[in-house]
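# Residue-level structure breakdown
The lines below spell out each chain.
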Amino acid sequence: MNRRYRKTIIAGNWKMNKTASETKKFAEELKTLLPKAKWCDVVVCVPAVNIPAAIKAFKDMRVSVGAENVFYEKSGAYTGEVSADMLKDLGVKYVIIGHSERRQYFGETDVTVNKKVHAALEAGLHPIICVGESLEQRELGITMELIALQVKSALAGVPAEKLRRCVIAYEPIWAIGTGKTATAEQAAEVCTFIRTTVRHLYGARIARSITIQYGGSMKPSNAAELLAQPDIDGGLIGGAALKPGEFVDIINAANQE
Ligand code: PGA
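Conventions adopted
Residues numbered from 1 in each chain as written. Predicted model: local features only at pLDDT ≥ 70, side-chain atom pairs only at ≥ 80, totals over all residues. Heavy atoms only, no water. Near = heavy atom within 4 Å. Areas by Shrake-Rupley, 256 points an atom, 1.4 Å probe, with all protein chains shown as cover. Nonpolar A, V, L, I, M, F, W, Y, C, P; charged D, E, K, R; others polar. Helix = DSSP H or I, 4+ residues; strand = E, 2+ residues; numbered from the N terminus. Buried < 20%, exposed > 50% of the residue type's maximum accessible area, 1.4 Å probe, protein only. Polar contact = N/O pair within 3.5 Å; in protein donor to acceptor, adjacent residues only side chain to side chain. Contact = heavy atoms within 4.5 Å. Expected span 1.5 Å × (residues − 1). Pairing = 2+ DSSP bridges. Salt bridge = Lys/Arg side-chain N within 4 Å of Asp/Glu carboxyl O. Axes fitted to C-alpha atoms, helices over the stretch in contact; angles between N-to-C directions. Parallel < 35°, antiparallel > 145°, perpendicular 65-115°, else oblique. Left-handed = near helix turned anticlockwise from the far one by under 90°. 1 Å grid on protein atoms, 1.4 Å probe; cavity = no way out; pocket = protein on both sides within 12 Å on 5 of 7 lines; lining within 4 Å. Points joined across faces, edges and corners; volume = space filled by probe spheres on them.

### Some remarks on the site of the ligand
Taken together, 13 residues lie around the ligand, and Lys-15, His-99, Glu-171, Gly-177 and Ser-217 are the ones closest in. Coverage of the ligand by the protein chains reaches 95% of its 290 Å² of free accessible surface. Tallied by class, the residues present in the shell around the ligand amount to 4 nonpolar, 7 polar and 2 charged.

Below you can see the structure in the form of structure tokens.
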């Protein structure tokens, strides 16, 4: 973390978990546990149908609500899809784009990720752009090339003034939901590389101000060490974000001086 130059953001990614009533219950429990002093921004990304319930439930808690996906067209004949304007109108602030599960199961590509980033920014949302390598790619030694390609494609055509609203999440696919976490060194190496890639594209000042998260089995026991890395400015958390107690423990780790 480096609070002097950029925000620390702890974001939960609920994936396809929790009903609207469970969302309300989670918020009530979280409220009793959240620390008073707050250094980091807290975001909860929920399934699309739970957004109205989440907006209501987290209203007085300084917890922002995020979506887990968005479609890139503004409106039209796209059965089942949700536009960025629809999310914005509900009060959504963040949207996860290009999560590896969407790339793997729903055919998202670097090209659709880029279109979604543009649509989100256009609507005034803050995209959380996910990048990350598979185990095979890591073993082949092509992690950095792949990450550079994902970052450059996602940001293609994004002007500097809009980049300030983007968050990049480094999520090694082999660490997601597997209980295997990247070591702090592995995570830091790639997050630093992402910042260098952004610096080459946008210059030092902007690169210094962008929030880069780590995601992949982040939990109370490893959060502090990961967040102590200067280029890791927060976490995108799946499993541990479903339990208010664990989520708050991670928030507390991000609140350390
Ligand atoms: P995990 O998920 O924390 O359960 O590994 C992270 C993510 O997919 O964003």
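### As for the side chain of Asn-255
Mapping Asn-255 onto the fold places it in the segment after helix H12 (244-254). Accessibility expressed as a relative area gives 12% for Asn-255, which makes it buried. Polar contacts involving the side chain of Asn-255 include one to the main-chain amide nitrogen of Cys-40, which spans 3.3 Å. Leaving out residues up to four positions away in the same chain, Asn-255 has contacts with Arg-3, Pro-35, Ala-37, Lys-38, Trp-39 and Cys-40.

### What about helix H1 (residues 20-33)?
Helix length check: H1, at 14 residues, gives a terminal C-alpha distance of 20 Å against a target of 20 Å (1.5 Å per residue), a fit within 8%. Against the buried residues of H1 lie helix H2 (51-57), strand E3 (63-67) and H12.

### Some remarks on the pairing of strand E7 (residues 211-215)
Here E7 lies mainly inside the structure; 5 of its 5 residues are buried. On E7, burial covers both faces: Thr-211, Gln-213 and Gly-215 on one face and Ile-212 and Tyr-214 on the other are all buried. Relative to E7, strand E6 (residues 167-170) is paired through 4 bridges, and the arrangement is parallel. Note that in E7 the partner of Val-167 across the bridge is Thr-211. Sheet topology note: the E7/strand E8 (residues 234-237) ladder contains 2 bridges and is parallel. Paired with Gly-215 across the two strands is Leu-236, which belongs to E8.

### Observations concerning the pattern of salt bridges
Within this structure, the stated rule accounts for 15 salt bridges. A salt bridge links Lys-7 to Asp-41, with the nearest nitrogen and oxygen atoms 3.5 Å apart. With Lys-7 in the segment before strand E1 (9-13) and Asp-41 in strand E2 (residues 41-46), the pair connects residues that are 34 residues apart, well separated along the chain. Owing to a relative accessible area of 40%, Lys-7 belongs among the partly exposed residues under this scheme. A relative accessible area of 22% means that Asp-41 is categorised as partly exposed. Between Lys-243 and Glu-246 there is a salt bridge, with the nearest N and O atoms lying 3.7 Å from each other. The class of Lys-243 is partly exposed, set by a relative accessible area of 47%. Given the relative accessible area of 27%, Glu-246 is considered partly exposed. Shared partners join several salt bridges into a network, and the residues in it are Arg-6, Arg-195, Asp-231 and Asp-233.

### Some details on the packing of helix H5 (residues 110-122) against helix H7 (residues 143-155)
At a closest axis distance of 7 Å, the pairing of H5 and H7 adopts a crossing angle of 40°. Classified by the angle their axes make, H5 and H7 are oblique. Here the hand of the crossing between H5 and H7 comes out right-handed. Counting all contacts with H5, which are made through Asp-110, Val-113, Asn-114 and Val-117, the residues of H7 involved are Leu-149, Gln-150, Ser-153, Ala-154 and Leu-155.

### Comments concerning empty space enclosed by the protein
Counted according to the given criterion, the structure contains 1 cavity of 30 Å³ or more. The calculated volume of the largest cavity comes to roughly 40 Å³. In this structure, the largest cavity is lined by Gly-98, His-99, Ser-100, Arg-103, Cys-130, Val-131, Gly-132, Glu-171, Ile-173 and Ile-176. Where the lining of the largest cavity is concerned, the elements lending two or more residues are helix H4 (100-105) and strand E5 (126-131). Taken together, the residues of the lining of the largest cavity sort by class into 4 nonpolar, 4 polar and 2 charged.

Spatial relationships are all this shows, so hold off on functional conclusions.
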